[in-house]
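Observations on chain architecture
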Amino acid sequence: KKGKECDGMVEELMQAQSDWKTLFKSLEELEEGKAEIKTKSKELATLQKQFTSAGKELETVVIRKESTSDSLNVARLAASKDVNSLREQLVEDEPCPVCGSSKHPYTTHDHRLDKVLVELQNAFKVASKKHDDVLRDHSKLKVQVDQLSMEIKGITNDQILQEREIKEYRRDWN
């Protein structure tokens, strides 16, 4: 009879030891999870700052791109055939039908306008490339922020479950 009691006590002690190990492991995982959340939260804060900064830069490059596009369109219009044909009809000391000026310094083709047009085309290409680069970087940061936020949320949910398990272990031990 005493042998069976001893066997029962040994089994209870072995179960208690197993439960203790499980509890200890859960507590370790809980602490590791807290540390991971802290690290990832710092990383998220950094990414969010970069994302905000990239958003502001994106606003600036969009304005720059639109501005250079508008300037380029104005220059193209000035160099168009309608303007050139109007220039050909101008007579010195007679008023311009558009602006009324009697001075017409550009009655022939203006090579300076071609130079300005080329410079504006180059500025537009640079602004477009910058826009594309910043937009790509902004989009990548958005994906990283979203992904890291989801990771933190997942770890937090795991933490909640672990805390419940730990409470159950402690309750069973008492």
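Refer to the preceding data block for the structure.
Bear in mind the structure is a predicted one, so any value in this text is a computation, not a measurement.

1. A word on the overall build of the protein
Across its full length, the protein holds 3 helices and 0 strands. Here the protein displays about 13200 Å² of accessible surface, and carbon together with sulfur accounts for 55% of that area.

2. Overview of the nonpolar core
Core analysis: the biggest nonpolar cluster contains 9 residues, these being Ile37, Leu44, Leu47, Ala54, Leu141, Val145, Leu148, Ile152 and Ile155. Of all the secondary-structure elements, those providing two or more residues to this core are helix H1 (2-78) and helix H3 (111-173). Here this core takes 5 residues from H3, the largest share from any one element. If we ignore the near neighbours within four places in the chain, the residues touching Leu141 are Leu47, Gln50, Phe51 and Ala54.

3. Considering the packing of aromatic side chains
All chains considered together, the criterion is met by 1 aromatic pair. Aromatic pair Trp20 and Phe24: ring centres 5.4 Å apart, planes at 10 degrees, arrangement stacked. Here Trp20 pairs with Phe24, and both are found in helix H1, just 4 residues apart, close to one helical turn. By relative accessible area, which is 43% here, Trp20 ends up partly exposed.

How each quantity is defined
- Positions within a chain are numbered from 1, following the residues in the order the chain's sequence is written.
- Residues qualify for local features only when their pLDDT is at least 70, as the model is predicted, and side-chain atom pairs are given and counted only at 80 or more; totals for whole chains, interfaces and linings, by contrast, use all residues.
- Values reported for side chains reflect all heavy atoms of the structure, with hydrogen atoms and water molecules removed beforehand.
- Each helix is a run of DSSP H or I of at least 4 residues and each strand a run of E of at least 2, with the numbering of both proceeding from the N terminus.
- Method for areas: the Shrake-Rupley scheme with a 1.4 Å probe, in which residue coverage is limited to the protein chains shown.
- For this analysis, a nonpolar core means a set of buried residues of the types Ala, Val, Leu, Ile, Met, Phe, Trp, Tyr and Cys, connected via side-chain atoms within 4.5 Å.
- Whether a residue is buried, partly exposed or exposed follows from its accessible area with a 1.4 Å probe, protein chains only, as a fraction of its type maximum: under 20%, in between, or over 50%, in that order.
- Only heavy atoms enter the contact rule, under which two residues are in contact if any of them lie within 4.5 Å.
- Put simply, two rings from Phe, Tyr or Trp (the six-membered ring, in Trp's case) pair if the centres are within 6.5 Å, and we call them stacked under 30 degrees between planes, edge-to-face over 60, tilted for the rest.

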